[in-house]
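This is what each chain is made of:
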Amino acid sequence: MNNNHFVIDPGFDELCFTLGKFNTSYVLLMNNAEIPWFILIPETQEVELCDLAFEVHDSIFNEIRCMSFFVKREFKVDKLNVASNGNVIRQMHLHVIGRRFDDYCWPGVVWGTDAPSTYDQSAVDEISDLLASDASLKDLGYRRV
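An account of the accompanying structure is given in this report. (Residues numbered from 1 in each chain as written. Predicted model: local features only at pLDDT ≥ 70, side-chain atom pairs only at ≥ 80, totals over all residues. Heavy atoms only, no water.)

## A look at the nonpolar core
Here is step 1 of the chain: Counting residues in each nonpolar core, the largest one holds 26 residues, and the members touching the most others are F38, M67 and L131.
Here is step 2 of the chain: Those elements that provide at least two residues to this core are strand 2 (25-30), strand 3 (37-42), helix 1 (54-74), strand 5 (94-99) and helix 2 (121-133).
Here is step 3 of the chain: Ranked by the residues each element gives to this core, the list is headed by helix 1, at seven residues.
Here is step 4 of the chain: If you look at the next biggest cluster of nonpolar residues, it comprises 15 residues, including I8, Y26, I97 and C105. (Core = buried A, V, L, I, M, F, W, Y, C linked by side-chain atoms within 4.5 Å. Buried < 20%, exposed > 50% of the residue type's maximum accessible area, 1.4 Å probe, protein only. Helix = DSSP H or I, 4+ residues; strand = E, 2+ residues; numbered from the N terminus.)

Have a look at this one:
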């Protein structure tokens, strides 16, 4: 997918680190060191999943599936939360969140709950390295940006 006019909503800059990109979606890391929380932002002007062409929709869901397996492999999680909200930032984005029964807001939602700790640059770099070295992510076109 190539859209020269695509820009990630600046609202994500305050919340996330942009780590990489699949063929269809950018991969961001939410600045919440307590929970592995990734956001995929498809390179589209559409706001709703149902408005996507089938092939784009399928590509995005393959990327979500791959990220979900990555979170299960690399982080000790009890449950995955995958969602598309967009109530605060309208641009289409999808959350892939690893939850633990003992995390700071279990069983409640993570949205709107302040993170007790945020990432330092070395932790962000470590997660970025994990993503970049993962063979299944590479198979779907993942690369650093």
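## Details of the layout of surface pockets
Here is step 1 of the chain: Of the pockets and cavities examined, the largest pocket occupies roughly 470 Å³.
Here is step 2 of the chain: For the largest pocket, the lining is made up of 23 residues, of which L15, M30, W37, W111 and G112 are closest to its centre.
Here is step 3 of the chain: Within the lining of the largest pocket, the residues separate by chemical class into 11 nonpolar, 10 polar and two charged. (1 Å grid on protein atoms, 1.4 Å probe; cavity = no way out; pocket = protein on both sides within 12 Å on 5 of 7 lines; lining within 4 Å. Points joined across faces, edges and corners; volume = space filled by probe spheres on them. Nonpolar A, V, L, I, M, F, W, Y, C, P; charged D, E, K, R; others polar.)

## Section: the environment of H95
Here is step 1 of the chain: Following the sequence through the fold, H95 ends up in strand 5.
Here is step 2 of the chain: In sequence terms H95 and V27 are 68 residues apart; their C-alpha atoms lie 10.0 Å from each other.
Here is step 3 of the chain: When residues no more than four places from it in sequence are discounted, the contact partners of H95 are W37, F38, I39, N81, V82, A83, N85 and W111.
Here is step 4 of the chain: A polar side-chain atom of H95 sits 2.9 Å from a polar atom in the side chain of W37.
Here is step 5 of the chain: There is a polar contact of 3.4 Å between the side chain of H95 and the side chain of H93. (Contact = heavy atoms within 4.5 Å. Polar contact = N/O pair within 3.5 Å; in protein donor to acceptor, adjacent residues only side chain to side chain.)

## Let's talk about unusual backbone geometry
Here is step 1 of the chain: Residues W106 and P107 are joined by a peptide bond in cis, for which omega reads 0°.
Here is step 2 of the chain: Mapped onto the secondary structure, P107 falls in the loop between strand 5 and helix 2.

## Some remarks on helix 1
Here is step 1 of the chain: Helix length check: helix 1, at 21 residues, gives a terminal C-alpha distance of 30 Å against a target of 30 Å (1.5 Å per residue), a fit within 8%.
Here is step 2 of the chain: All buried positions along helix 1 are accounted for by V56, I60, E63, I64, C66, M67, S68, F70 and V71. (Expected span 1.5 Å × (residues − 1).)

## A few points about the packing of aromatic side chains
Here is step 1 of the chain: Throughout the structure, instances matching the rule amount to seven aromatic pairs.
Here is step 2 of the chain: Seen from their ring centres, F22 and Y142 are 5.4 Å apart, and the 70° between their planes marks the pair as edge-to-face. Residue F22 is located in the loop between strand 1 (16-21) and strand 2, and its partner Y142 is located in the loop between helix 3 (135-139) and strand 6 (143-144); the two are separated by 120 residues in the primary sequence.
Here is step 3 of the chain: On the basis of relative accessible area, F22 is assigned to the buried category, the value being 0%.
Here is step 4 of the chain: According to the relative accessible area criterion, Y142 is buried, its value standing at 5%.
Here is step 5 of the chain: Aromatic side chains F70 and F75 sit 6.2 Å apart centroid to centroid with 75° between the ring planes, which places their arrangement in the edge-to-face category.
Here is step 6 of the chain: The exposure class assigned to F70 is buried, which follows from its relative accessible area of 0%.
Here is step 7 of the chain: Through a chain of ring-to-ring contacts, the aromatic side chains of F38, F70 and F75 assemble into a single cluster.
Here is step 8 of the chain: If you follow K21 out to its NZ or CZ, it ends over the ring of Y26, 5.1 Å from the centre. (Phe/Tyr/Trp six-rings, centres within 6.5 Å; stacked < 30°, edge-to-face > 60°. Lys NZ or Arg CZ within 6 Å of the ring centre and 35° of its normal.)

Treat this as a map of the structure, not an account of what it does.
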